[in-house]
Amino acid sequence: MKIFLFRLSRVLCFGIFTIVIGLSIIMLNRNSSIYSKFYSEGLLKIFLINLGLLSLIFVFNWFCFGKLTIWIRKNK
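First, a word on scope: everything that follows refers to the structure included in this document. Along each chain, the written sequence defines residue order, and numbers are assigned to residues from 1. Reporting in this predicted model follows two pLDDT cut-offs: at least 70 for local features of residues, and 80 or more for side-chain atom pairs to be given and counted; totals over whole chains, interfaces and linings ignore these cut-offs and use all residues. Values reported for side chains reflect all heavy atoms of the structure, with hydrogen atoms and water molecules removed beforehand.

## Examining the overall build of the protein chain
Strands here mean DSSP runs of E at least two residues long; helices mean DSSP runs of H or I at least four residues long; both are numbered from the N terminus. Each helix and strand in the protein chain was counted, giving two helices and zero strands. Buried residues are those whose accessible area, probed at 1.4 Å on protein chains only, stays under 20% of the maximum for their type, while exposed residues exceed 50% and partly exposed ones sit between those limits. Out of the 76 residues belonging to the protein chain, those deemed buried represent 21%. Counting only contacts in the protein chain whose residues sit at least 6 apart along the sequence, the fraction spanning at least 24 positions is 66%. Surface exposure here means Shrake-Rupley accessible area, sampled with a 1.4 Å probe, where a residue is shielded only by the protein chains that are shown. Summing over all exposed atoms, the protein chain offers an accessible surface of approximately 6,000 Å²; the carbon and sulfur share of this is 71%. Throughout, a contact is declared for two residues whenever any of their heavy atoms are within 4.5 Å.

Spelled out as structure tokens, the structure:
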């Protein structure tokens, strides 16, 4: 069961980092588009979404492994 949770933690970490980086790139591209007048509002929303997604990793690792970290090291 511990190895399953370890692998699930890694998958969540990679998936959430992909989403965070993707949202950041989308927001940077929006700066030069017709939506530029909503740039500051959108930037705050994207920042809060990214913060919420990263906190999911912290909470999951804290509940499953008892460590408040993003990346869990594999025990030998």
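## Some words on the side chain of Ser9
For Ser9, the location among the structural elements is in helix α1 (residues 2-30). Here Ser9 is in contact with Phe60, Asn61, Phe65 and Ile72, once residues within four sequence places are set aside.

## Notes on a nonpolar patch on the surface
On the surface, a cluster of nonpolar side chains totalling about 490 Å² of accessible area is made up of Met1, Ile3, Phe4, Leu8 and Leu12. On the secondary structure map, Leu8 appears in helix α1. Residues enter patches when their relative accessible area tops 30% and they take part in no salt bridge; the joining distance is 9 Å for like charges and 5 Å for the nonpolar side chains Val, Leu, Ile, Met, Phe, Trp and Tyr. One speaks of a salt bridge when a side-chain nitrogen belonging to Lys or Arg is within 4 Å of a carboxyl oxygen belonging to Asp or Glu.

## Focus: the environment of Ile16
Position of Ile16 relative to the elements: it lies in helix α1. For Ile16, the residues in contact, after removing those within four places along its chain, are Leu53, Leu54, Leu56 and Ile57.

## Quick word on the packing of aromatic side chains
A pair of Phe, Tyr and Trp rings is counted when the ring centres sit within 6.5 Å of each other, with Trp represented by its six-membered ring. The angle between the planes then sorts it: under 30 degrees is stacked, over 60 is edge-to-face, the rest tilted. Taken as a whole, this structure holds two aromatic pairs when the rule is applied. Pairing Trp62 with Phe63 gives two aromatic rings, centres 5.3 Å apart and planes at 25°, and the pair type is stacked. Judged by its relative accessible area of 48%, Trp62 is partly exposed. The class for Phe63 is exposed, based on a relative accessible area of 64%.

## Notes on the environment of Met27
Within the secondary structure, Met27 is located in helix α1. On the basis of relative accessibility, which here comes to 4%, the residue Met27 falls in the buried class. Taking the C-alpha atoms as reference points, Met27 and Ile46, 19 residues apart in sequence, are found 7.6 Å from one another.

## Structural notes on the environment of Ile57
Tracing the sequence through the fold places Ile57 in helix α2 (residues 39-65). Ile57 gets classed as buried once you look at its relative accessible area, which sits at 3%. Ignoring anything within four residues of it in the chain, the contact list for Ile57 reads Leu12, Cys13, Ile16, Thr69 and Ile70.

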